[in-house]
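Each chain, letter by letter, is given below.
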Amino acid sequence: MKQIALTGLKPSGAPHIGNYLGMLKPSLELAEKFQALYFIPDYHALTTVRDRKQLADLTYQAAATWVALGLNPDEGIIYRQSDIPEVFELAWVLSCFTAKGLLNRAHAYKTIVDDNIAAGREDDKNINIGLFTYPVLMAADILLFGTHFVPVGLDQQQHLEITRDVALTFNKNYGDVLTIPEAVIRKEVMTIPGIDGRKMSKSYNNVIPIFAPPDQVLKPVKRIVTDSKRPEDPKDPEECNIFAIYRHFADADAVAAKRQLYLDGGLAYGAMKQELFELLEAAFTDKRDRYNVLMNNTDELDRILETGAEKARAIAAPIMVQVRKAVGVST
Ligand code: TRP
C-alpha cells in the first residue's frame, strides 16, 4: 500500500498565488507518489468563524479550490473534517496524552495571551478552549489516517512537533499503534513576495488572487513594487518582485532569457508586468472557469465531499479500532 500524505486547507477564503505556489501545487503533486488525502478542517474554523453561512461558503470555496486546480477525486481523497466522527473521538483520546504545558507554549495561543498581557487584560481574555486545544484536534486529523507525510508551511511546524510528541507519548504507553508523521516543508517556495515585496499574505493586503476576474488580477500585478530603474539600466533579477513570481510560471528558457535581459539592460517593468499577467491568465483561465462552475453547483461539491468522506472513513476505521483496543475501551 502507498504511504499516506495528508493536507489540510483551512477554509479561509479565495486562494492567492502565494497559497498556490507554497502549498496547493506541491500538495497536488503528492498524489503522484502517495495516497493523498485533502481535507477541509471546518470544525477548526469554528474557533473563529461564527457565521453559519460564512462557514459553509468558505468550506465550499476550499473544496472547489482543490478540484478546480486538478485534484482528481478518483485518486486523491477530499473530505470535510466534520464528516469524520472518528476524528473527534480520537481528539479526546489524544487530549489525555497531551501535556497542558505543551499547549500553553503553542504559538497561536501564546500570541493571544501575550497580546492580552501587553494590553493589561486578563491572560485568557477572549480565548475559547477550542482555540487552546486546536493542536490536539490537528493531531487527530493526522494520526487517524496513519499519515506519513504532512506538507505544511513553516507556521505549522510547531503543530507537527506537537502531533509527533503526542503520538510518541501514546505509543510509549501502548506500543506502536500510531504512525509518527513527518512535516514536509518546502523552503524554496515559502517566500513568494506579495505586490509590496513582503511575503504574500491576505493579512498584508498584498495578494494576487488566482480565481478572480482578469481585471482584478491585472490591477495588483500593475501595482507590484519595483525600483525606479529605467528600461535601459542593467538590473538584478533576484531583487525584482515581478521576476520572483514570473520565474514560477514561465518555462525554463524564457526565465533564462529574461534573466539575461535584466542583467544586460533593456527590460521595462511595465512590459514585464504585462507578460506576467498573460502568463497568469494562461495558467488560471480554465481553472477559474471550473472553480466558478463548482461554486454554482454546490450539490456536486457535496457529492464529491461525501464520497471522499466514505473513503477516508474506510482508512480511519481500522486505526480507530486499534486505538480503542489499545486503551481498553473495547476488546
Ligand atoms: N492548522 C492548519 C493551518 O492553519 C490547518 C490544519 C488543520 C491542518 N488540521 C491539519 C494542516 C492537519 C495539516 C494537517 O493551516
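Whatever comes next refers back to the structure up there.
Residues numbered from 1 in each chain as written. Predicted model: local features only at pLDDT ≥ 70, side-chain atom pairs only at ≥ 80, totals over all residues. Heavy atoms only, no water.

Enquirer: Honestly, the overall build of the chain in this entry has me stumped. Any pointers?
Expert: Looking only at helices and strands, one finds 14 helices and five strands in the chain. At 22 Å, the chain has a C-alpha radius of gyration in line with the 20 Å of a compact globule built from 331 residues. Taken over the C-alpha atoms alone, the chain extends approximately 75 × 50 × 35 Å along its principal axes. Put simply, 74% of the contacts in the chain that link residues at least 6 apart link residues at least 24 apart. When the accessible surface of the chain is split by element, carbon and sulfur atoms take 51% of a total near 16600 Å². (Helix = DSSP H or I, 4+ residues; strand = E, 2+ residues; numbered from the N terminus. Rg over C-alpha atoms; globule rule 2.2 N^0.38 Å. Contact = heavy atoms within 4.5 Å. Areas by Shrake-Rupley, 256 points an atom, 1.4 Å probe, with all protein chains shown as cover.)

Enquirer: Explain the environment of His-248 to me, please; I cannot follow it from the model alone.
Expert: Mapped onto the fold, His-248 is located in the loop between helix H11 (241-246) and helix H12 (252-264). On a C-alpha basis, the gap between His-248 and Pro-318 in space is 41 Å, while along the polypeptide they are 70 residues apart.

Enquirer: Where do I start with the pattern of salt bridges in this structure?
Expert: If charged atoms from side chains of opposite charge come close, those side chains can pair. Following the criterion strictly, the structure yields 14 salt bridges and no others. Between Glu-29 and Lys-25 there is a salt bridge, with the nearest N and O atoms lying 3.8 Å from each other. In this pair, Glu-29 and Lys-25 both sit in helix H1 (residues 17-29), four residues apart, roughly one turn of the helix. Residue class for Glu-29 comes out partly exposed when judged on its relative accessible area of 35%. Note on Lys-25: relative accessible area 31%, which makes it partly exposed. Through salt bridges with shared partners, one network takes in Arg-80, Asp-83 and Asp-302. (Salt bridge = Lys/Arg side-chain N within 4 Å of Asp/Glu carboxyl O. Buried < 20%, exposed > 50% of the residue type's maximum accessible area, 1.4 Å probe, protein only.)

Enquirer: In this structure, what is going on with the site of the ligand? I would like to understand it.
Expert: Around the ligand, the surrounding shell consists of Leu-6, Gly-8, Lys-10, Phe-39, Pro-41, His-44, Tyr-134, Met-138, Asp-141, Ile-142, Val-150 and Gln-156. Within the side chain of Asp-141, an N or O atom sits 2.7 Å from a nitrogen atom of the ligand. In the model, a nitrogen atom of the ligand is placed 2.9 Å from a nitrogen or oxygen of the Gln-156 side chain. Here the ligand loses 92% of its free accessible area of 360 Å² to cover by the protein chains. Secondary structure elements with two or more residues in the shell around the ligand: strand S1 (4-8) and helix H8 (134-143). Considering every element that reaches the shell around the ligand, the biggest residue donor is H8, with four residues. Here the residues of the shell around the ligand are counted per class, giving seven nonpolar, three polar and two charged. (Near = heavy atom within 4 Å. Polar contact = N/O pair within 3.5 Å; in protein donor to acceptor, adjacent residues only side chain to side chain. Nonpolar A, V, L, I, M, F, W, Y, C, P; charged D, E, K, R; others polar.)

Read these as layout, nothing more, since geometry by itself doesn't imply function.
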